[in-house]
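Residues per chain, in single letters:
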Amino acid sequence: MDQTDQREWKFPNWDIMIDTPTEIAPDWSHEEFQVQGKKYHVMVHSFGEEGGKRAALVRDIKKIVRAETAMWGAPEFDSYTFLLHFAADDRSGDGMEHLTSTQIIQPGALSEPEVYESTLSTVAHEFFHVWNVKRLRPVEFGPWDFTRPANTRSLWIAEGLTNYYGHLNMKRAGIWDESRFLRRESETINSIENAPGSRLMSAEESSLTAPFIDRAHHIQRTNQANTSISYYPKGELLGLVLDLLIRGRTDGQKSLDDVMRRMYDQFYLNSPNATYYLRGRGYHSEEFQRVVSEVAGTDFNDFFTRHVRGVDVPPYDEALSYVGLRLVREQAREPYSVGLMLNASSPQGLSIGNVLNGSAGEDAGLQPGDQILTIDGKKVTSRDWLNRLNRYQQGDRVPISFKRDRRTLQTTLVPGDPDGFEYRIEEKPDATAGQKALRVAWLKVQ
Ligand SMILES: [Zn+2]
């Protein structure tokens, strides 16, 4: 970095070479800081307004590095690089973990508050991967066989628990306050518990179907909106619940942090090299299950059968009550539900992406791919679709015309009950001092 004349790069092997991203840019900023004797570089390449936020960004990244290394212990590298790219193009966005770096691309500009927050949240996620995934990894994740897909049942651990800890560490680092963190977890509960696929697809099954879920491109139409869930939010909630169950059942003596550290010790740090590729051989999903029971000192096999390999609702109430919180479930506030998801990027206007099972849209005979042309005889676009629909109430008869292939068809949409729920984590009115103390211990830097 900061070099303009380097023409050659050398790597010990192919895997490490392709795990070392490079950004070439005409201008960027480079800042450094140290935590626990390790050097961190922050490279920023930015389009769009910055609002003078580069210095604050580096300070906040340092807080995240401190919080996460406090949990794991010092990482084994000498230096690590955050490659941050603000594209300001409203479409590019990604975060990718690497052995000694991460590359994060934001679609917006650094000056926008939500972009700033999203950058830090992504930093907290990707930096957690230094341990969970890049080194402590499912057995299928390296050494790589580049000739076939690397299917694993453990992505809910690799990505889902990283999602959980990314958000938790936004709180532990002091970037989020407690209510912001709990609101984020409530949003995840909303997305999972309102998804019809939650009662059909388990966390392990979701992990195995990753090639069809994580940014997969489908040439043929699928019904995944009704049948699948993502291991990111599902794993995040299993992490939240597991952590609180372990803390509660051990009176605060142990936590999921202890599970992660023991896994890291056992399957990475203290494992001999099985191959040319890093230490250890990675873990099998049964080994993670065994370590949870060992650390907690009680049998967690039932939890894995019901909530990891099965689709039972996680025991949110028991878990949250240990830290003086509860989950409130209320009827969704929207006045009606039609169960139609629009295709965001359809060039032909208002096109239906998905139709939820058992919804008003399904009753009206609408299908994915249909293009809605008019409501009550007047032309409708994706921009005024919701406004126009909001003039009707539950039970009204809404005449719709739509195009399917080359035919123009008519139907009547009858908006139904709002079928979803709104979930909110809040303080338990009778929370005890002991429960509040457990909550403080959970949310502070470890
Ligand atoms: Zn990730």
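Residues numbered from 1 in each chain as written. Predicted model: local features only at pLDDT ≥ 70, side-chain atom pairs only at ≥ 80, totals over all residues. Heavy atoms only, no water.

1. Here's the deal with the overall build of the chain
- In terms of regular secondary structure, the chain is built from 16 helices and 13 strands.
- Expressed as a percentage of the 446 residues in the chain, the buried residues total 49%.
- Separation between the mean location of the 53 positive side-chain charges and that of the 63 negative ones in the chain comes to 1 Å. (Helix = DSSP H or I, 4+ residues; strand = E, 2+ residues; numbered from the N terminus. Buried < 20%, exposed > 50% of the residue type's maximum accessible area, 1.4 Å probe, protein only. Lys, Arg positive; Asp, Glu negative; His and termini not counted. Charge placed at Lys NZ, Arg CZ, Asp CG, Glu CD.)

2. Considering the layout of surface pockets
- Of the pockets and cavities examined, the largest pocket occupies roughly 1,300 Å³.
- Taken together, 43 residues line the largest pocket, and the ones lying closest to its centre are M96, E97, E159, D214 and Y232.
- Within the residue set of the lining of the largest pocket, elements represented by two or more residues are α1 (14-18), β4 (94-97), β5 (101-106), α3 (113-128), α4 (155-172), α7 (210-213) and α9 (231-249).
- The class makeup of the residues in the lining of the largest pocket is 19 nonpolar, 14 polar and 10 charged. (1 Å grid on protein atoms, 1.4 Å probe; cavity = no way out; pocket = protein on both sides within 12 Å on 5 of 7 lines; lining within 4 Å. Points joined across faces, edges and corners; volume = space filled by probe spheres on them. Nonpolar A, V, L, I, M, F, W, Y, C, P; charged D, E, K, R; others polar.)

3. So, the coordination of the zinc ion
- Within the protein, the zinc ion binds to H125 (NE2), H129 (NE2), E159 (OE) and E159 (OE); these donor distances fall in the range 2.0 to 2.8 Å.
- Geometry at the zinc ion is irregular, judged from the 4 donor atoms that bind it and their angles of 52 to 149° at the metal. (Donors = N, O, S within 2.8 Å, 3.2 Å for Na, K, Ca; no water. Tetrahedral: all angles 85-135°; square planar, octahedral: opposite > 155°, others 65-115°.)

4. Examining the nonpolar core
- With 91 residues, the main nonpolar core has I61, F82, L84, W156, L256, F288 and W442 as its most contacted residues.
- Both of domain 1 (14-128) and domain 2 (155-331 + 431-443) provide at least three residues apiece to this core.
- Each residue touching I61, except ones within four places of it in the same chain, is listed here: F33, V42, F82, L84, L120 and V123.
- Y336, L350, V380 and W385 belong to the second largest nonpolar core, which has 19 residues in total. (Core = buried A, V, L, I, M, F, W, Y, C linked by side-chain atoms within 4.5 Å. Domains from an automatic or database assignment. Contact = heavy atoms within 4.5 Å.)

5. Here's the deal with the sheet that holds strand β11 (residues 398-404)
- With antiparallel pairing, 4 strands are arranged side by side in an open sheet as β10-β9-β11-β12. Of all the strands in the sheet, just β10 (378-379) and β12 (407-413) have a single pairing partner and so form its edges.
- When strand β9 (residues 371-375) meets β10, the two strands line up antiparallel, connected through 2 bridges. Considered in β10, the bridge of I375 is made with K378. (Pairing = 2+ DSSP bridges.)

6. Quick word on the sheet that holds β4
- The strand order across the open sheet built from 5 strands is β1-β2-β3-β5-β4, with neighbouring strands paired in mixed fashion. In this open sheet, the two strands that pair with only one neighbour each are β1 (29-35) and β4. Going across the sheet, the axis of each strand differs from the next one's by a mean of 15°, ignoring polarity.
- Here 8 bridges tie strand β2 (residues 38-46) to strand β3 (residues 79-86), and the two strands are oriented parallel to one another. Following the sheet pairing, M43 is matched in β3 by L83. (Axes fitted to C-alpha atoms, helices over the stretch in contact; angles between N-to-C directions.)

7. A short note on α4
- For α4, built from 18 residues, the straight-helix expectation of 26 Å at 1.5 Å per residue is met to within 8% by its first-to-last C-alpha distance of 24 Å.
- The buried count for α4 comes to 18 of 18 residues, which makes it a mostly enclosed element.
- G174 occupies a position one or two residues after α4 and carries a positive phi of about 85°. (Expected span 1.5 Å × (residues − 1).)

8. Observations regarding the side chain of R137
- When you line up the elements, R137 lands in the loop between α3 and α4.
- Although R137 lies buried, it forms no salt bridge, and the closest oppositely charged side chain, E76, sits 8.5 Å away as judged by the N-O distance.
- Only 3.3 Å separates the side chain of R137 from the backbone oxygen of F141, close enough to count as a polar contact.
- A polar side-chain atom of R137 sits 3.0 Å from the main-chain carbonyl oxygen of R279. (Salt bridge = Lys/Arg side-chain N within 4 Å of Asp/Glu carboxyl O. Polar contact = N/O pair within 3.5 Å; in protein donor to acceptor, adjacent residues only side chain to side chain.)

9. Side note on the domain arrangement of the chain
- Examined at the domain level, the chain breaks down into domain 1 (14-128), domain 2 (155-331 + 431-443) and domain 3 (340-413).
- On a C-alpha basis, the centroid separation for the pair domain 1 and domain 2 is 24 Å.
- Contacts between domain 1 and domain 2 engage 19 residues on the former and 24 residues on the latter.
- The contact between domain 1 and domain 2 buries some 1,900 Å² in all, and 60% of this surface belongs to carbon and sulfur atoms.
- Where domain 1 touches domain 2, the interface holds 2 salt bridges.
- In this structure, E76 engages R279 in a salt bridge whose closest nitrogen and oxygen atoms are separated by 3.1 Å.
- Counting every contact that joins domain 1 to domain 2 gives 7 residue pairs in polar contact (both at pLDDT 80 or more).
- Among the secondary structure elements, those contributing two or more residues to the side of domain 1 that touches domain 2 are α2 (54-72), β4 and α3.
- The biggest single contributor to the side of domain 1 that touches domain 2 is α2, with 7 residues. (Buried area = accessible area lost by both parts, 1.4 Å probe.)

10. So, the side chain of T119
- Note on placement: T119 falls in helix α3.
- With residues up to four places along the chain from it excluded, the contact list for T119 reads L57, L84, F86 and Q106.

11. Quick notes on the environment of T412
- Looking at the secondary structure, you find T412 in strand β12.
- Excluding residues that lie within four positions of it along the chain, T412 makes contacts with A364, R397 and V398.

12. Focus on the packing of aromatic side chains
- If you walk through the whole model with that rule in mind, you get 24 aromatic pairs.
- The residue whose ring lies beneath R329 is F421, and the NZ or CZ to ring-centre distance is 3.7 Å. (Phe/Tyr/Trp six-rings, centres within 6.5 Å; stacked < 30°, edge-to-face > 60°. Lys NZ or Arg CZ within 6 Å of the ring centre and 35° of its normal.)

13. Some remarks on helix α12 (residues 301-308)
- Inspection of α12 places F303, F304, H307 and V308 among the buried residues, and these make up the whole buried set. Projection of α12 onto a plane perpendicular to its axis shows the buried side chains occupying an angular sector of 100°, all on one side.
- Considering only its buried residues, α12 is in contact with α4, α6 (203-208), α9 and α11 (285-296). (Arc of directions from axis to C-beta.)

14. Digging into the environment of A274
- Following the sequence through the fold, A274 ends up in the loop between α10 (256-269) and α11.
- Residues A274 and L240 lie 34 residues apart in sequence; the distance between their C-alpha atoms is 32 Å.
- Contact partners of A274, with chain neighbours within four places excluded, come to G280 and R281.

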